[in-house]
Structure formats: C-alpha cells, structure tokens
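# Structural description and commentary
The residues making up each chain are set out below.
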Amino acid sequence: MTRQAVAAEIRITTSERGVFTYGNDTIHYDVIRKTKPADNAKKTARKVIIKVHPDQRVVATVPHDASDDAIQDAMHKRARWIWQSIDEFAKQKDTVLPKRYVSGETQFYLGKRYVLKIINDAKQVPNVKLSRGKLNVTIKHEVSKDIDERLVKIKPLIDKWYQHKAKAVFHERLADLLPKATWVTGIPSFRVMAMKKQWGSCSTKGNLMLNPHLVKAPKECIDYVILHELCHISEHNHSERFWRLLTQVMPNWKEVKAKLDDMAEMYLNE
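Residues numbered from 1 in each chain as written. Predicted model: local features only at pLDDT ≥ 70, side-chain atom pairs only at ≥ 80, totals over all residues. Heavy atoms only, no water.

### Regarding the packing of helix 6 (residues 219-234) against helix 8 (residues 253-267)
Where helix 6 contacts helix 8, the two axes come as close as 9 Å, and the packing angle between them is 115 degrees. Here helix 6 is positioned roughly perpendicular relative to helix 8, judged by the angle of their axes. Helix-helix and strand crossings are classified by hand; for helix 6 and helix 8 the assignment is left-handed. Contacts between helix 6 and helix 8 pair E220, C221, Y224 and V225 from the former with W253, V256, K257, K259 and L260 from the latter. (Axes fitted to C-alpha atoms, helices over the stretch in contact; angles between N-to-C directions. Helix = DSSP H or I, 4+ residues; strand = E, 2+ residues; numbered from the N terminus. Parallel < 35°, antiparallel > 145°, perpendicular 65-115°, else oblique. Left-handed = near helix turned anticlockwise from the far one by under 90°. Contact = heavy atoms within 4.5 Å.)

### Remarks on the pairing of strand 8 (residues 134-139)
Along strand 8, 5 of the 6 residues are buried, which leaves the element largely enclosed by surrounding structure. Relative to strand 8, strand 7 (residues 127-131) runs antiparallel, the two sharing 5 bridges. Counterpart to L130 in the pairing with strand 8 is L135. (Buried < 20%, exposed > 50% of the residue type's maximum accessible area, 1.4 Å probe, protein only. Pairing = 2+ DSSP bridges.)

### Observations regarding empty space enclosed by the protein
The final tally for this structure, using the stated rule, is 2 cavities of 30 Å³ or more. Each pocket or cavity is described by its volume, and for the second largest cavity that value is around 50 Å³. Around the second largest cavity, the lining residues are K99, Y101, Q107, I158, D159, Y162, H213, K216, N269 and E270. If one sorts the elements of the lining of the second largest cavity by residue count, helix 5 (residues 155-177) sits on top with 3 residues. (1 Å grid on protein atoms, 1.4 Å probe; cavity = no way out; pocket = protein on both sides within 12 Å on 5 of 7 lines; lining within 4 Å. Points joined across faces, edges and corners; volume = space filled by probe spheres on them.)

### Observations regarding the sheet that holds strand 6 (residues 112-120)
Across the sheet, which stays open at both edges, the 4 strands sit in the order 5-6-8-7 with mixed pairing between neighbours. What marks the edges here is a single partner per strand, and that holds for strand 5 (106-109) and strand 7. Across this sheet, the average inter-strand angle for adjacent strands is 35 degrees, counted without regard to direction. Sheet contacts for helix 5: strand 5, strand 6, strand 7 and strand 8; angle to strand 5, the most-contacted strand, approximately 20 degrees.

### Quick notes on helix 2 (residues 68-77)
The set of residues buried in helix 2 consists of I71, A74 and M75. Viewed end-on, helix 2 has its buried residues packed into an arc of 100 degrees, placing them on one side of the element. Exposed residues lying more than 90 degrees from the buried face of helix 2 are D69 and K77. (Arc of directions from axis to C-beta.)

### Digging into the pattern of salt bridges
Taken as a whole and assessed by the stated rule, the structure comprises 14 salt bridges. Across the pair K155 and D159 runs a salt bridge, and its minimum N-O distance is 2.6 Å. With a gap of 4 residues between them, K155 and D159 both fall in helix 5, about one helical turn apart. With relative accessibility at 26%, the residue D159 sits in the partly exposed group. (Salt bridge = Lys/Arg side-chain N within 4 Å of Asp/Glu carboxyl O.)

Here it is as structure tokens:
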C-alpha cells in the first residue's frame, strides 16, 4: 500500500486539514488550534507541535492564530522525520502478532513499554515484577519454546499481575475522578473483567466493569474510560446530553480517545 493510500484511510479528527509532499509521497495532516488565551493569561508556547500517531495520523497542534504558511513551513522542516515515523508505524501495524511469552517481547504498563524477561530460578516463588524497564517473570522450571506450554505456565502469571495492578490503579483513579462526577452519589462498585472489544461498561444500576488491559494505557486514557462510564450513570445512552456531560468533565476527551484507539490493537494483544 502506498503512503498516499494509507493517508486516505486515516480518519479525520479535526475540521482543519493540510497536505504536503515528501519525495513522491503525499502526506495529509490534521490541525488542532489552541484556544485563544485570555488577555491576562500567561502566554503559551508559540511553536507548532507535530505528532505522528501509531495509526499513521499526523497531527499539528498550533497557536490559535498560526497562519497556513507558518504551519506548512513547520511541516516541511520536519518532513523527513514525519515520513520516517509514518513508515515505522506502518511496519509495526503489519507485524502485531499474538504474544509468544518469550524474553524480548514488549509489554505495556501505564503507557510505557517494558521488555519481557523470563527468569528461571528453582529457589524463587513464581512472580512478576517491574524493574528498570523490564517486566521480569520468574518461574521455577525452564519452559520450552512450545507456545502451548508458555500459554499455560507464563501467561497466567502475567494476567494475574495485570489484574492486581488494574484493581489498584482503577480504585485510585476512580477516587480521584469522583469529585468531578457530581451526579454520582456514593462510590460506584466495579469489577475487573477481560473483554475483547470494550474498555468498560456501566449497568443500569450504576455498577462499572473495566477491562484489565486498560491498565496498559496512560492514566489519562484510564481516566477517559472511567469518566465515560460514570457519565452513563446519568445518561444511559450516547445522546447529545451524554456527550455534553463528558465534555464538561473532560474537555479534551476526543484527543485522549484517539490516543487510546491508536494503541488498542497493541494493548489488547495477547
């Protein structure tokens, strides 16, 4: 697939778009303009911030009054980096394979990447620990490269670790976010359950269900999902009132949702 074809598939998240060429490739980008600061507000940075997302979207966050020429100039100055980033993410997307639970694989926690390391130690109780950029999984006996054996002996240890971390993090984030959800009385109960296509859900009684894989995402993405479900306690469908309520408690939810959507395939991969 050509990079031009890839760009054509990219979903539009803002109403303002731009385009430039690099070599024989056409690269489209979205523009997000910062809101105009109040007269007495502290002046914000004037530069154009460019980000390439894992789904190959290119987004330029710019001052509210940035001219088209200034934005184009910034894009051209970083054209090579943008092209290389798109190419790298395109290759990664093509190679998202099921986990084999061998040393060297990537695992995620709170938005950061960790390298999986399998440690054989007959004297240690099987356990999982984060240490210096690695997710160390200690087992008593060496496991062969057979995927079925690894799914039985290593995957459950990692799944249990994610479940434990998810419960702790979700409790913490829910407690911090409840003051924003003024329509919620008391502390909603929630349970953690793995789901293939949902990050969370809310029952008609106001009970929450959250996906443990969500703990692999940055905290702002976790906050978005929790606030989304808390909004359902007031509005049980995705009506206009629901989206207004969500925007009230998280004005940048669209950007955060896009970030979560970008990485969903990797976070849910197991």
